[in-house]
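# Architecture and fold: a report
If you want the building blocks of each chain, they are given just below.
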Amino acid sequence: MMVNSATIPRIPLDKWANSFVDYMIDSFSGVFTGINQIMTSLISSLEWALTASPPLVTVIVFVLLALWLTDWKIAVFTCFGLLLIISLNLWEASMLTLSLVLASTIISLLFGVPLGILSHRFNKVGAVIKPILDIMQTMPAFVYLIPSVLLFGLGNVTALIATFIFAMPPAVRLTLLGLQQVPQTTLEAAEAFGATEWQKLIKVQLPLALPMIMSGVNQVIMLSLSMVVISSMVGAGGLGAEVLRSISMLDVGLGFIGGIAVVIIAVILDRLTHLSTQKRKDIQSSK
């Protein structure tokens, strides 16, 4: 059965969205310029920290970090994986990608963890935030690139903003879930000892919710890495640019080695965040 357009009029939602973006550009261009400069400084600082030393020195640092946080198996994989990236001549692109992922993760946690705490503390805040998170998680990733380009132009900052919006929801949700799983008896015991609400949060709830929060960190990192590659379509550098170049040139080999480098970074970051949390749990349980 065909629907009569006269019976159900078309809602100009697309025009409303365009008008809203135009209003933001006209009214807050200075704010977006300031955000652009701050984000550029953050990305440049992280990239400098990762590339200031010779690649082999950076590899040693990552291996020692993996050995401290996880075990020798992940340390060996980290060593050989990063050496393979160097041999493929993708070190600088990989470090730029890692800089974007770290910057996105930092910003996502700075916003996501407090929002998760507020959602747990105030039910009305949670009722407002949850539908917004649903939209953020189900919206196609490419959609975020369009307003980001209009507001911030082409480049790494646009990739960072779009990645932050795409990757932040797990930080909020898993922080909220971790706080909800704190036993009520533990909170009652803290109250019996005269703990204030702030002391309960800092000394009881957040430490007990830390494993779940770290799971959120893991998810944020993985989503950030996937989005950073997609963001190469709007001028972001790094491994995503290599993959995009391979598509434009129909170069299977270039796309393959770019994908391998992405997989290596993803596995290293995943194991560092996941296994370090598991290792901490084992230490606490042994005590």
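So, here's what we can say about the structure. (Residues numbered from 1 in each chain as written. Predicted model: local features only at pLDDT ≥ 70, side-chain atom pairs only at ≥ 80, totals over all residues. Heavy atoms only, no water.)

### Some details on the packing of aromatic side chains
The full count for this structure, using the stated rule, is 2 aromatic pairs. Ring plane angle 85° and centroid distance 5.5 Å describe the contact between phenylalanine 32 and phenylalanine 152, whose orientation is recorded as edge-to-face. One end of the pair, phenylalanine 32, is in helix H2 (residues 29–51); the other, phenylalanine 152, is in helix H7 (residues 145–152), with 120 residues separating them in the sequence. Assessed through its relative accessible area of 11%, phenylalanine 32 is described here as buried. Assessed through its relative accessible area of 11%, phenylalanine 152 is described here as buried. Judged by centre distance (5.4 Å) and plane angle (50°), the rings of phenylalanine 111 and phenylalanine 164 are tilted. A residue pair is termed long-range when its members are at least 10 positions apart, and phenylalanine 111 in helix H5 (residues 91–121) and phenylalanine 164 in helix H8 (residues 156–167) qualify at 53 residues. Phenylalanine 111 gets classed as partly exposed once you look at its relative accessible area, which sits at 46%. Judged by relative accessible area, phenylalanine 164 falls into the buried class, the value being 16%. In this arrangement the basic side chain of arginine 121 is found over the ring face of phenylalanine 122, its NZ or CZ atom lying 5.4 Å from the centre. (Phe/Tyr/Trp six-rings, centres within 6.5 Å; stacked < 30°, edge-to-face > 60°. Helix = DSSP H or I, 4+ residues; strand = E, 2+ residues; numbered from the N terminus. Buried < 20%, exposed > 50% of the residue type's maximum accessible area, 1.4 Å probe, protein only. Lys NZ or Arg CZ within 6 Å of the ring centre and 35° of its normal.)

### Some details on the side chain of lysine 200
In this structure, lysine 200 sits in helix H11 (residues 197–230). According to the relative accessible area criterion, lysine 200 is buried, its value standing at 6%. At a separation of 2.7 Å, a polar atom in the side chain of lysine 200 contacts the side chain of glutamate 191. Discounting chain neighbours no more than four positions away, the residues touching lysine 200 are Leu187, Ala190, Glu191, Ala195 and Gln205. (Polar contact = N/O pair within 3.5 Å; in protein donor to acceptor, adjacent residues only side chain to side chain. Contact = heavy atoms within 4.5 Å.)

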